[in-house]
There are 4 protein chains.
Amino acid sequence: MSRLEQMLDAHPHPAGPNGAEALRCIQACMECAETCTVCADACLGESKVQELVNCIRLNLDCAEVCRVTGTLMTRPSHRDAPALRAQLQACVEMCRACGDECERHGRRMKHCAVCAEACRACADACEMMMGALVP
Amino acid sequence: MSRLEQMLDAHPHPAGPNGAEALRCIQACMECAETCTVCADACLGESKVQELVNCIRLNLDCAEVCRVTGTLMTRPSHRDAPALRAQLQACVEMCRACGDECERHGRRMKHCAVCAEACRACADACEMMMGALVP
Amino acid sequence: MSRLEQMLDAHPHPAGPNGAEALRCIQACMECAETCTVCADACLGESKVQELVNCIRLNLDCAEVCRVTGTLMTRPSHRDAPALRAQLQACVEMCRACGDECERHGRRMKHCAVCAEACRACADACEMMMGALVP
Amino acid sequence: MSRLEQMLDAHPHPAGPNGAEALRCIQACMECAETCTVCADACLGESKVQELVNCIRLNLDCAEVCRVTGTLMTRPSHRDAPALRAQLQACVEMCRACGDECERHGRRMKHCAVCAEACRACADACEMMMGALVP
């Protein structure tokens, strides 16, 4: 069991019926924040950086949005709030946009291909989480 | 002219028709992030902290969401993206939730009263910004 | 009186002898975080983005470090902790590095010139704050 | 190989001789940011929240500092900058302070015990990283 799982387990208010989706969502958000941060920096190191400006901008925005969404999700106490649902929705849209752009460059650049995967996985995990929220 | 205004002015891609709303939105997000951060810490210093737990949690979430929304808004290059609209929406809902909670404590605690004002101002500024986005 | 000042004023534990330095430091950190965020995005919009890669990277790092330093400073309750001193030191060094790089491009690009000013102001405000910390 | 490792591997400028320390440092920072975020929320849910105020404050600060340190570390391009060293030092001190406080409550609360472990691991990983920086 990872330290994060131990922490969520030890929380005085157990996460309720959507604990599995929540854990997966947190992990996907944090991973996507990391891959987007590396991808922006990697794109800045490419010789054709000019063609990657839009990708860098989306990576930076996506990293921020994933980070804050993941952080909200790690606070198990109010996982069913409407504002959390709206934040998850923003994360889904951000990840789709960033994933689409990264995919366009994925054939030539491995970092964009892996980042596109992480974006898709995060969008999916956030949608699963939204489906698991108590209405 | 503040340094932020000078920066936005010097950006190679001018912000377009919604520059005034954008500036106001950035300022409101940053102010709300600050007031929520102070409010959480101030609530933690109150003798009846037990009654303020929900307020602290909302303050912390609202601070994060406002910070990331303000950061996205300070990148003028893609202010009309759908993901930005979704992030603004999340910020509106977060600020309304936090503002409502702070208002409940506003009579007894000045910091909650001022924070409630900042939350309402931020929600309004984000809604104005959403209205000004090119569809 | 700004909302931030009202908040710090309403905090149950007044900030102590270094309130003026603290307010200035918070404001400088937040302003520098904003200008660095805009500067990175503005540099990405320049035709010679290739020459600005290092500036963009420093802007991004500096924005993050200023944001977290400003956030720690807005929690008045433990402003004299050794870890805060170390964070202020990191912010000083980051702002000096970013300010030097921005200055190199300041003649050709107004956004770099203004950002360099904000970096210097923030480094100075953090140093003043360190000097005002109770040892 | 995790996605983060794949990303660092695919970066156009390989991380140099300190890649192993860097990966461990990033992972430790991100894990500590997560555990501190959960620990603050878990402490807020305890019946004796009054006694945990200091722990909550340190958790919140530590989460922020670890997050930004981990983010700077995930940009492999300038890992030897003096400002990064200073940020790692701030992270070490923050993690030591938070770990000490969490440990005081670790017998009674599992979340504080696990969080203390994560803080110590992060402080160690940051110190290892500082030792591996090219001078």
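J.: How should I be thinking about the relation of the copies chain C and chain A in this particular structure?
T.: Mapping between the two chain copies consists of a rotation about an axis together with a translation along that axis. If you rotate chain C by 180 degrees and push it 0.0 Å along the axis, it lands on chain A with an RMSD of 0.0 Å. The transformation just described matches what one would write down for a two-fold rotation axis. An overlap of 100% is found between the interface residues of chain C and their copies at the interface of chain A, pointing to a shared contact surface.

J.: Is there a simple way to think about the interface of chain D and chain A in this case?
T.: Interface size is often expressed as the accessible area that is lost when the parts come together. In this complex, chain D contributes 33 residues to the contact, which on the side of chain A involves 33 residues. Counting each side, the surface lost to burial between chain D and chain A is near 3200 Å², with a carbon and sulfur contribution of 63%. At the boundary of chain D with chain A, the tally comes to four salt bridges. The partner of Glu31 of chain D in a salt bridge is Arg3 of chain A, and the shortest N-O contact between them spans 2.8 Å.

J.: So what exactly am I meant to see when it comes to the packing of helix H5 (residues 110–132) of chain A against helix H1 (residues 3–10) of chain D here?
T.: The angle between the axes and the distance between the axes are what describe a pair of packed helices. Direction vectors running N to C along H5 of chain A and H1 of chain D enclose 155 degrees, while the axes themselves pass 8 Å from each other. The orientation of H5 of chain A relative to H1 of chain D falls into the category roughly antiparallel. H5 of chain A and H1 of chain D meet at a crossing whose hand is left-handed. Contacts between H5 of chain A and H1 of chain D pair Lys110, His111, Val114, Cys115, Glu117, Ala118 and Ala121 of chain A from the former with Arg3, Gln6, Met7 and Ala10 of chain D from the latter. Of the residues contributing to the contact of H5 of chain A with H1 of chain D, the split by class is six nonpolar, two polar and three charged.

J.: Would you explain the interface of chain C and chain A in this entry?
T.: The partner chain A presents 13 residues to the 13 residues of chain C that form the contact. Area buried by chain C at its contact with chain A is led by Leu44, Gln50 and Arg57 of chain C, which between them contribute 44% of it. For the pair chain C and chain A, the interface holds four salt bridges. Residue Glu64 of chain C pairs with Arg67 of chain A through a salt bridge whose shortest N-O separation is 2.7 Å. Between the two partners, chain C and chain A, sit five residue pairs in polar contact (both at pLDDT 80 or more). Broken down by element, the residue count for the side of chain C that touches chain A peaks at six residues, all from helix H3 (residues 53–73) of chain C. Split into classes, the residues belonging to the side of chain C that touches chain A amount to five nonpolar, three polar and five charged.

J.: What am I meant to see in the pattern of salt bridges here?
T.: When the charged atoms of two side chains lie near each other, side chains of opposite charge can form a pair. All names here are of chain A. Scanning the entire structure with this criterion turns up 48 salt bridges over all chains. Between Asp124 and Arg96 there is a salt bridge whose closest N-O contact spans 3.3 Å. Within this pair, whereas Asp124 is found in helix H5, its partner Arg96 is found in helix H4 (residues 82–105), the two being separated by 28 residues in sequence. Owing to a relative accessible area of 36%, Asp124 belongs among the partly exposed residues under this scheme. Residue classification places Arg96 among the partly exposed residues on the basis of a relative accessible area of 27%.

J.: How should I be thinking about the relation of the copies chain D and chain A in this particular structure?
T.: Structural alignment of chain D on chain A gives an RMSD of 0.0 Å, achieved by rotating through 180 degrees and translating 0.0 Å along the axis. Mapped onto chain A, 100% of the interface residues of chain D are again interface residues, and the two copies thus contact each other with one and the same surface.

J.: I'm lost on the packing of helix H3 (residues 53–73) of chain A against H4 of chain A in this one. Help?
T.: All names here are of chain A. Running from N to C, H3 and H4 cross one another at 150 degrees; their axes reach a closest spacing of 9 Å. One way to sum up the angle between H3 and H4 is to call them roughly antiparallel. Between H3 and H4 lies a crossing of left-handed hand. Side by side, H3 and H4 meet where Asn54, Cys55, Leu58, Asn59, Asp61, Cys62, Val65, Cys66, Val68, Thr69, Leu72 and Met73 of the first sit next to Leu84, Gln87, Leu88, Ala90, Cys91, Met94, Cys95, Ala97, Cys98, Glu101, Cys102 and His105 of the second. Partitioned by chemical class, the residues of the contact of H3 with H4 number 17 nonpolar, five polar and two charged.

Analysis parameters
Residues numbered from 1 in each chain as written. Chains lettered and ligands numbered in written order. Predicted model: local features only at pLDDT ≥ 70, side-chain atom pairs only at ≥ 80, totals over all residues. Heavy atoms only, no water. Least-squares fit on C-alpha atoms with pLDDT ≥ 70 in both. Contact = heavy atoms within 4.5 Å. Buried area = accessible area lost by both parts, 1.4 Å probe. Salt bridge = Lys/Arg side-chain N within 4 Å of Asp/Glu carboxyl O. Axes fitted to C-alpha atoms, helices over the stretch in contact; angles between N-to-C directions. Helix = DSSP H or I, 4+ residues; strand = E, 2+ residues; numbered from the N terminus. Parallel < 35°, antiparallel > 145°, perpendicular 65-115°, else oblique. Left-handed = near helix turned anticlockwise from the far one by under 90°. Nonpolar A, V, L, I, M, F, W, Y, C, P; charged D, E, K, R; others polar. Polar contact = N/O pair within 3.5 Å; in protein donor to acceptor, adjacent residues only side chain to side chain. Buried < 20%, exposed > 50% of the residue type's maximum accessible area, 1.4 Å probe, protein only.

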